[in-house]
Amino acid sequence: MTRSKQPRMPYVRTVGFTSYEDQLALGEQGKEDLERFCGLLNSTEQQELREHLRELIKAWQESGPNLEKMMYGSHKHIRNYLMALCSGASWMPTAWGRALLFLNPDYGRLEELIGRERVNRKKPEGGWMLNPEVEAWKEFGYFTLNPHCEKLAGPCARCGNYYVKKRASQKVYCSRRCGNASTAAVRTAAKLKAERKEKMVRAKALIREWNTLKGRSELVWKVWLREHEPSITDKFVTRRVNAGELPEPKAGRKP
Ligand SMILES: [Zn+2]
């Protein structure tokens, strides 16, 4: 059996949008499109779009992802909007063997459903643009057509960014950098906890020694402590005593 020969040309998207300015592939969308989508989810410039998209992705993730469940459950109100935005396709021949397929978002239908005001807003420099909410529905609709969409993960436990998984097991951190930093933080916290525990053991032993000390009435606790264990201050002891974690040192000579 011979395999059909692939045309020798760079990766060309065969499905796109009618508007050439936001050329994005559908059906044959690659990981680069997923990275672009991640960029929107992490965007600091397009706050509104980002929040709307994050809400959709959170619901999508929580559904399983099970898009059917989401679109007939928590998000049934937007199902028709997405159908309008991801509707109609037009076929267009190219200069090589294949054709392109473009989606034609039906903004007219969407306006009928939710009203023109909610679909568009005036740009400060003139003209109209989609409201971030509608933009988010559209982007989400296209995202669900990306064959790699289930590789999207996030938010990262450390930096809060969304990311494209490099391995199926990459479920918590967006990058090795975040993973390592987090492990380091956990290690530091564990070390501090161990040090504190050890300090408490020493403090307890010192208080016991002091409380049973002969001739204690001739000595000043603070001074005695400083001489015996400079790394433990009487302030530390007082705080721990007040918290009920250490026994109280008995009275000595007044300082
Ligand atoms: Zn991260």
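Our focus in this paragraph is the overall build of the chain. When helices and strands are counted, the chain shows ten helices and seven strands. Residue burial in the chain is summarised as follows: out of 255 residues, 21% are buried. Expressed as a percentage of contacts within the chain between residues at least 6 apart in sequence, the contacts between residues at least 24 apart total 48%.

This brings us to the packing of helix α2 (residues 47-62) against helix α7 (residues 132-143). Between α2 and α7, the shortest axis-to-axis distance is 8 Å and the interhelical angle comes to 45 degrees. For the element pair α2 / α7, the angle class is oblique. In this structure, α2 crosses over α7, and the sense of that crossing is right-handed. Here Glu-48, Leu-49, His-52, Leu-53 and Leu-56 of α2 lie close against α7, whose contacting residues are Pro-132, Glu-133, Glu-135, Ala-136, Glu-139 and Phe-140. Grouping the constituent residues of the contact of α2 with α7 by class yields six nonpolar, one polar and four charged.

Attention now moves to unusual backbone geometry. Of note, the bond from Gly-64 into Pro-65 is cis; its omega dihedral lies within 30 degrees of zero at 0 degrees. Position of Pro-65 relative to the elements: it lies in the loop between α2 and α3 (67-72). That bond from Gly-154 to Pro-155 is cis: its omega, -5 degrees, falls within 30 degrees of zero.

Taken together, the buried positions of helix α1 (residues 31-41) are occupied by Asp-33, Leu-34, Phe-37, Cys-38, Leu-40 and Leu-41. All buried residues of α1 fall inside an arc of 155 degrees around its axis, so they share one side. Looking at the buried residues of α1, the elements they touch are α2, α7, β6 (152-153) and β7 (163-164).

Another aspect to go through is the nonpolar core. Formed by 34 residues in total, the largest nonpolar core has its most connected members in Cys-38, Leu-41, Leu-53, Tyr-81, Leu-85 and Trp-137. When contributions to this core are tallied by element, the ones reaching two or more residues are α1, α2, α3, α4 (79-85), α7 and β6. Considering each element in turn, this core owes the most residues, six residues, to α7. With near-sequence residues (within four places) excluded, Leu-53 lies in contact with Leu-40, Leu-41, Ala-136, Glu-139 and Phe-140.

The predicted model of the chain has a mean per-residue pLDDT of 84, with 88% of residues at 70 or higher. Every residue in residues 18-25 is under pLDDT 50, and counting partners more than four places away or in other chains gives 16 contacts.

Moving on to the pairing of strand β3 (residues 99-103). When a strand is regular, its side chains alternate between the sheet's two faces. Bridge count for strand β2 (residues 89-93) against β3 is five bridges, and the pairing is antiparallel. From the neighbouring strand, Ser-90 faces β3, where its bridge partner is Phe-102. Where β2 folds back onto β3 in an antiparallel hairpin, the turn is made up of five residues.

With that out of the way, let us pick up the environment of Val-164. Along the chain, Val-164 falls in strand β7. Judged by local crowding, Val-164 falls into the partly exposed class, with 18 C-beta atoms found within 10 Å. Once the C-alpha coordinates of Val-164 and Lys-151 are considered, the two residues, 13 residues apart in sequence, prove to be 5.5 Å apart.

Moving on, we get to the environment of Gly-252. Take Gly-252: it is sitting in the segment after α10 (234-242). Judged by local crowding, Gly-252 falls into the partly exposed class, with 19 C-beta atoms found within 10 Å. Distance in space between the C-alpha atoms of Gly-252 and Val-220 is 5.6 Å, their sequence separation being 32 residues. For Gly-252, the contacting residues outside a window of four places in its chain are Arg-216, Ser-217, Leu-219, Val-220 and Trp-221.

What counts, and at which threshold
- Residues numbered from 1 in each chain as written.
- Predicted model: local features only at pLDDT ≥ 70, side-chain atom pairs only at ≥ 80, totals over all residues.
- Helix = DSSP H or I, 4+ residues; strand = E, 2+ residues; numbered from the N terminus.
- Buried ≥ 20, exposed ≤ 12 C-beta atoms within 10 Å, placed from the backbone.
- Contact = placed C-beta atoms within 7 Å.
- Axes fitted to C-alpha atoms, helices over the stretch in contact; angles between N-to-C directions.
- Parallel < 35°, antiparallel > 145°, perpendicular 65-115°, else oblique.
- Left-handed = near helix turned anticlockwise from the far one by under 90°.
- Nonpolar A, V, L, I, M, F, W, Y, C, P; charged D, E, K, R; others polar.
- Arc of directions from axis to C-beta.
- Core = buried A, V, L, I, M, F, W, Y, C linked by C-beta atoms within 7 Å.
- pLDDT = per-residue confidence, 0-100.
- Pairing = 2+ DSSP bridges.

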